[in-house]
Amino acid sequence: MPRNYSKRTPSLRKFLALYAQDWVVTCGLGLLFYVVGHHISGFKRHFSLEDTSLRYPYDRYAVDQRVGARPNNRRFDCSC
């Protein structure tokens, strides 16, 4: 005996109710990213190599922390 399955077509109201919260969050995040990207400017500072306040502070122990060279100046060992 063949079964008669009726196709369920969700109504537009049910469809909107299911995805309304997702679209509200998506539009809210899009608006937030737009405001942050186009209307809020970060701290801007001119860069110069002669500006000593941008340099990393010198450590007097840095001389003892140097990395030594590998034997025979080989960077890669390809003896696979």
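Anything mentioned here points back to the structure above.
Computed from a prediction, not measured in an experiment: that's the story for all the values here.

Undergrad: Help me understand the overall build of the protein chain in this model?
TA: Scanning the protein chain from terminus to terminus reveals one helix and zero strands. Split into buried and exposed, the 80 residues of the protein chain put 0% on the buried side.

Undergrad: What's the story with helix α1 (residues 12–39) in this structure? I'm lost.
TA: Residue pairs spaced three or four apart in an α-helix point in one direction, given the helix's 3.6 residues per turn. Its axis deflected by about 45° at Y19, α1 carries its strongest bend there. Taking burial as the measure, the 28 residues of α1 include zero buried ones, a minor fraction of the element.

Undergrad: Teacher, can you tell me more about a nonpolar patch on the surface here?
TA: There is a patch of nonpolar side chains on the surface, built from V25, L29, L31, L32, F33, Y34, V35, V36 and I40 and spanning about 860 Å² of accessible area. Tracing the backbone shows L32 in helix α1.

Undergrad: What is the right way to read the packing of aromatic side chains from this model?
TA: For any pair of aromatic rings, geometry is given as the distance between the ring centres together with the angle between the planes. The full count for this structure, using the stated rule, is one aromatic pair. Arranged with centres 5.2 Å apart and planes meeting at 55°, the rings of F15 and Y19 form a pair that is tilted. Residue F15 and its partner Y19 are located together in helix α1, separated by four residues, close to a single helical turn.

Quick notes on the rules
Residues numbered from 1 in each chain as written. Predicted model: local features only at pLDDT ≥ 70, side-chain atom pairs only at ≥ 80, totals over all residues. Heavy atoms only, no water. Helix = DSSP H or I, 4+ residues; strand = E, 2+ residues; numbered from the N terminus. Buried < 20%, exposed > 50% of the residue type's maximum accessible area, 1.4 Å probe, protein only. Bend = angle between axes of the 7 residues up to and from the residue. Patch = residues over 30% accessible without salt bridge, like charges linked within 9 Å, V, L, I, M, F, W, Y side chains within 5 Å. Areas by Shrake-Rupley, 256 points an atom, 1.4 Å probe, with all protein chains shown as cover. Salt bridge = Lys/Arg side-chain N within 4 Å of Asp/Glu carboxyl O. Phe/Tyr/Trp six-rings, centres within 6.5 Å; stacked < 30°, edge-to-face > 60°.

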